[in-house]
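# A look at the structure
The residues making up each chain are set out below.
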Amino acid sequence: MAAPVVDGWFPALALGVSLLKCLFINAYHSTDFEVHRNWLAITHSLPVSRWYHENTSEWTLDYPPLFAWFEFGLSHVAQHFDRNMLVVENLNYDSPMTVLFQRLSVIFTDVVFIFAVRECCRCVQKQKGSRDVLNRPSFVLAVLLLWNFGLLIVDHIHFQYNGFLFGFLLLSVAKHLQSQHLQGALLFAVLLNLKHIYLYVAPAYGIYLLRSYCFTQDNKDGSISWRSFSPLRLIALGSIVTSVCALSFGPFIAMVLRLKLLEEAGLPRASMTGGLVQEFQHSVLPSVSPSITLICTLLSILPAVASIWRRPRGARGFLRCLLLCALASFMFGWHVHEKAILIAILPLSILAVESREDAGIFLVLSTTGHYSLFPLIFTPAELPIKVGLMLMFVIYSFTALRKLHSGQGTLLHPLESVYLLGLVVVAIACEIIFPLSPWQQKLPFLPLLLTSVYCSVGVCYSFLRLYVSLLRQEEKPKQL
Amino acid sequence: MQTWSLVSVCVLLGVVVRWGVSLNSYSGAGKPPMYGDYEAQRHWQEVTYNLPVQEWYFNTTENDLNYWGLDYPPLTAYHSLICAYIAKIINPEWVELHKSRGYESPAHKLFMRATVLVADLLIYIPAVVLYCLYLTDGSSKKKVSTLFCFLLYPGLILIDYGHFQYNGVSLGFALWGVLALGLGWDAFGSMAFCLALNYKQMELYHALPFFCYLLGKCIKLGPMGRGFFLLVRIAATVLVTFALCWLPFLSDPSQALQVVRRIFPVARGLFEDKVANTWCSLNILIKIRSILSSDSQIYLRLLMKPTFWQFKLALANSSLAFFLFSYQVHEKSILLAALPVCLLLSDLPLTVIWFLQASTFSMLPLFLKDGLLVPYVVTSLAFLFFSIYLLSALEHCSEEELRLGAYHKLLFFLPKLDLACIVRWKFYISVAAMAGLSIVSVALVPPPHLPDLFPVLVSTTGFLHFLGTFIYFNIVQFSGPPSRKNQKKND
């Protein structure tokens, strides 16, 4: 169900956030900046066969080949800014022109994300009789996505290309919501070849497409009709996926094995602070291995996936299942970065502007998830920015969603409100009290531990509530 | 959405933008021996903390006035003292006498930027919020849009958070004065303005309108009776405020005299830094008397009709007149004209936006010197786009909305031409010219025989814009009262 075309407010929002991103060009950037500069250098200066072998720098290429081709394309623009950044030996090279180029490349590639958000806004149902632009679901969704705190902090300060990648994910979701499944599958295949972490949500795609696309009809009671299986559609899907993979992996068939080995070894990408990562045996709690986490993840998503197989609820059911896969992988996966919470928060925004219950879950998950990103930006100079942006997003999301779903009671249960207020206490303790206290030297990871533990409660709670909402919908089969 | 949440989001966005700008360089960064305004402020913290009050404004062995000697009134010195106390707690090296000269470090920069933000949050931003919510017309959405554009004015952000100054304090106090007078709290308003005056002497640009408005109001209330009591109350407030500010210097008349000598230096040169005023562009001597006689029309009109609308216009006209025709003016002084013009944002959006953009543009050479090109481009684009979009400036160009009154017939001999269309095209051409000059100043190297070509071009363009705005505001002030709907509110 398509809403009317977005008016002038959408370009205004997009332009505003892009200009804001430009102001963060000189802000702190993490080692991810050097990672991407290194990849620019590798893809530009070396022949294709050496891309995955090169290890002068510790930040070896560990994304799928399509991303390497993307960096290759960027490097051709980079050479006009500062040739020296493309020299592999120039480790940690960050001249002003290099910083400018890298930052601008993130801002420009965000155009994919902006396009995807526009498509998602089109899919969201229009509320009846809302003349006020500020109160339309499409407007609220646009703000929640374009001005998402997590994306701004992670992409434009910490430095990554998540906006670009999420653009593909959201565009694929939007295409499924618009019933253009082949395009959605194509976009997801491309996304998988850009960053393999999205493999975690592949079960949702696989089961949904198999059940709702390859089986063209359901029986009257909603159960599967085996006779309506369309081999043609299956072949179409299969060929799309294989051709994208072939295109991307063509030169690298042999490299795939090496990538798999690197991932299982829990790879030297020290993405957590302090480098206190990788395999270590716990002294008190039972030790965890990669295979156990994989089993846990698969077990936790099994009911969700089975549910959309037995009783498909159209694209929105698929979206819910995707969210559950993403959250399950965040909670149980091996070597997950806190940034992965964004894979759950962003798609949940779409559901939040449509349903009151989802809005409540969104408020808890987004506030908790965003707060868990605070330790990522630990420099004092960026503190006002991260606090200011967080407050902006919290105030806006609470008031806008409350207004959107007004007249049906409060969005949050009192206990949930208390939990979220507790975040303020944790924030003050970690950002202000702790640095000035005597424990700073002895227990430097205490604030990180406190933040992680406190936020994990919120994330687990949201996971359970989403699961309940999915399974509860199954009991009463609805018209899609 | 509720107004309070929209207002909070706007204020937070304003703060984030300010802090984003502050991540960039400041004036005189890494440029010994004199550095720049940033070092001047740090030096004043050092001087006020380590030396007794009697020595602050004097040239002694401990206090070399040639190295950024104090040349603002006492309130600036007290503010520096407070900051110095905090600096001493964090890191004493920052304010150590003599040894801390030219001290630069990331932590110190963070501290200095934080002092600017704190001052803004306490003084300037609340004044702006209250002004836009209570003293502007229109729906709550329009008020919030006005607030957002007011907070987004690039000139003040770039100077305070980029170049490094504390204009937010003096302008904030002046704005509190305007706010109070608008709400009818005359004594409080006078006190606020006196504080502004005692923070930066350049607030004298705004002094005459304040004086005439209050005097006019007293006369209107009746010279014998209520008016007289009001006059006495205001006079007493002013005297007490001045006395409190100058208390440490009143014990010895030579002290007070020295302070006055420092804050009104007549010995400095005329052409400091190629400023956009008549001196630079016309290069002829204009007698102060003749200027005063032409300006006096502004004040007389305000005296006769002390309405808030006339007051705002008089502030704008007066500060523009002083900027255009005064002795030894720095380009940053355009901010003193920009503040009163911002007050007219919801009434005359197009001209105000135009002027504010021109004022930011006129300071471009300063920004380039400080390495603030990216923030300049970003904030200018954001301001232009959002103010035009949110306030629908280009649509409100009809004759009535431009408030030209009967004068438009004088200016436009061909009545068939559409005024709105002409104004819009002039605006587009002007913005294009400013953008073009900005690009040229950055991208091209000036010819060797004209090394200051671009700053002079920028300065001249700015001057033409300011002159045009000055003429326009004069016409508006004299063309009669605004429409009935507005008049009731403003009286």
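What you see is a predicted model, and the numbers here were worked out from it, not measured in a lab. (Residues numbered from 1 in each chain as written. Chains lettered and ligands numbered in written order. Predicted model: local features only at pLDDT ≥ 70, side-chain atom pairs only at ≥ 80, totals over all residues. Heavy atoms only, no water.)

### Observations regarding the overall build of chain B
- Counting its regular elements, chain B contains 22 helices and zero strands.
- In chain B, of all internal contacts separated by at least 6 residues, the share reaching a separation of at least 24 is 77%.
- Split by element, the accessible area of chain B, about 20,700 Å² in all, is 69% carbon and sulfur. (Helix = DSSP H or I, 4+ residues; strand = E, 2+ residues; numbered from the N terminus. Contact = heavy atoms within 4.5 Å. Areas by Shrake-Rupley, 256 points an atom, 1.4 Å probe, with all protein chains shown as cover.)

### Remarks on the overall build of chain A
- Helices and strands together make up the secondary structure of chain A, namely 19 helices and zero strands.
- Taken across its 480 residues, chain A has 55% of its residues classed as buried.
- Residue pairs in contact within chain A that sit at least 24 positions apart in sequence constitute 77% of those at least 6 positions apart.
- Within the structure as shown, chain A displays about 21,000 Å² of accessible surface, and the carbon and sulfur contribution to it stands at 67%. (Buried < 20%, exposed > 50% of the residue type's maximum accessible area, 1.4 Å probe, protein only.)

### Let's talk about the interface of chain B and chain A
- Of the residues lining the interface, 26 residues belong to chain B; the matching set on chain A comes to 30 residues.
- For the chain B and chain A pair, buried surface summed over both sides reaches about 2,400 Å², with 83% attributable to carbon and sulfur atoms.
- For chain B, the biggest contributors to the area lost against chain A are M1, V16 and L23 of chain B; these three give 27% of the whole.
- Taken together, chain B and chain A are joined by one salt bridge.
- We note a salt bridge from D132 of chain A to K141 of chain B, for which the minimum N-O separation is 3.2 Å.
- At the boundary of chain B and chain A, one finds four residue pairs in polar contact (both at pLDDT 80 or more).
- Put simply, the parts of the chain that give the side of chain B that touches chain A at least two residues each are α1 (3–22) and α18 (373–391) of chain B.
- Take the side of chain B that touches chain A: its biggest share by element is twelve residues, from α1 of chain B.
- In the side of chain B that touches chain A, the residues fall into 20 nonpolar, five polar and one charged. (Buried area = accessible area lost by both parts, 1.4 Å probe. Salt bridge = Lys/Arg side-chain N within 4 Å of Asp/Glu carboxyl O. Polar contact = N/O pair within 3.5 Å; in protein donor to acceptor, adjacent residues only side chain to side chain. Nonpolar A, V, L, I, M, F, W, Y, C, P; charged D, E, K, R; others polar.)

### Let's talk about the UniProt feature "signal peptide" (unreviewed entry) in chain B
- The positions UniProt marks with the feature "signal peptide" (unreviewed entry) are residues 1–22 of chain B.
- The annotated region residues 1–22 of chain B carries 91% helix and 0% strand content, and the separation between its end C-alpha atoms amounts to 31 Å. (UniProt positions renumbered as here; feature names shortened; annotations may be inferred.)

### Topic: helix α10 (residues 231–249) of chain A
Residues and elements named next belong to chain A.
- Its 19 residues give α10 an end-to-end C-alpha distance of 26 Å, which sits within 8% of 27 Å, the value for a rise of 1.5 Å per residue.
- Of all the positions in α10, only L237, I240, V244, S248 and F249 are classed as buried. Buried residues of α10, viewed axially, fall in a sector of 140°; they line one side. Exposed residues on α10 whose side chains face more than 90 degrees from its buried face are L232, I235 and L247. (Expected span 1.5 Å × (residues − 1). Arc of directions from axis to C-beta.)

### Some thoughts on the nonpolar core
- Judged by nonpolar contacts, the single largest core of 311 residues is most densely connected at L20, L389 and L401 of chain A together with F150 and F473 of chain B.
- The greatest single-element share of this core, amounting to 13 residues, is contributed by helix α4 (residues 106–134) of chain B.
- With near-sequence residues (within four places) excluded, L401 of chain A lies in contact with V140, L144, A352, V353, A359, F362, L363, Y396 and L411 of chain A. (Core = buried A, V, L, I, M, F, W, Y, C linked by side-chain atoms within 4.5 Å.)

### Things to note about the state of the cysteines
Residues and elements named next belong to chain A.
- A full pass over the atoms with the stated rule returns zero disulfides over all chains.
- The cysteine C214 is free of any disulfide, with C321 supplying the nearest cysteine sulfur at 16 Å.
- No disulfide involves C321; its sulfur sits 4.3 Å from the nearest other cysteine sulfur, which is in C325. (Disulfide = S-S within 2.5 Å.)

### Some thoughts on the packing of aromatic side chains
- Taken as a whole and assessed by the stated rule, the structure comprises 59 aromatic pairs over all chains.
- Chaining the aromatic ring pairs together yields one cluster made of F33, W39, Y63, F67, F70, F159, Y161, F164 and F168 of chain A.
- The ring of Y213 of chain A has R233 of chain A lying over it, and the distance from NZ or CZ to the ring centre is 4.5 Å.
- In this structure, R101 of chain B packs its charged tip against the face of Y67 of chain B, placed 4.0 Å from the ring centre. (Phe/Tyr/Trp six-rings, centres within 6.5 Å; stacked < 30°, edge-to-face > 60°. Lys NZ or Arg CZ within 6 Å of the ring centre and 35° of its normal.)

### A short note on the confidence of the model for chain B
Residue and element names in this part refer to chain B.
- Averaged over chain B, the pLDDT score is 86; the fraction of residues at 70 or greater is 87%.
- Mean pLDDT values for the elements of chain B range from 40 in helix α12 (residues 278–282) up to 96 in helix α7 (residues 167–183).
- Scored below 50 in pLDDT, residues 484–491 shows ten contacts in the model against residues more than four places distant or in partner chains.
- The ipTM assigned to the predicted complex is 0.89, against a pTM of 0.90. (pLDDT = per-residue confidence, 0-100.)

### With respect to a nonpolar patch on the surface
- Side chains of L421, V424, I428, I432, I433 and L436 of chain A sit close together on the surface and give an oily, nonpolar patch of about 620 Å² of accessible area.
- Following the sequence through the fold, L421 of chain A ends up in helix α17 (residues 414–433). (Patch = residues over 30% accessible without salt bridge, like charges linked within 9 Å, V, L, I, M, F, W, Y side chains within 5 Å.)

### Some thoughts on the packing of helix α15 (residues 356–372) of chain A against helix α16 (residues 383–404) of chain A
Residue and element names in this part refer to chain A.
- The contact between α15 and α16 brings their axes to 11 Å, and the two run at 175°. Between α15 and α16, the angle is such that the two are roughly antiparallel. Touching A359, F362, L363, S366, T367, H370 and Y371 of α15 are M390, F393, V394, S397, F398 and L401, all from α16.
- Residue composition of the contact of α15 with α16, grouped by class: nine nonpolar, four polar and no charged. (Axes fitted to C-alpha atoms, helices over the stretch in contact; angles between N-to-C directions. Parallel < 35°, antiparallel > 145°, perpendicular 65-115°, else oblique.)

### Brief notes about helix α5 (residues 140–151) of chain B
Residues and elements named next belong to chain B.
- Taking 1.5 Å as the rise per residue, α5 with twelve residues should run 16 Å; its terminal C-alpha atoms sit 16 Å apart, in good agreement.
- Most of α5 is tucked away: nine of the twelve residues are buried.
- When we look at burial in α5, the residues that qualify are K143, V144, S145, T146, L147, F148, C149, F150 and L151.
- In the core, the buried residues of α5 are packed alongside α1, α4, α6 (154–164), α7, α15 (334–342) and α18.

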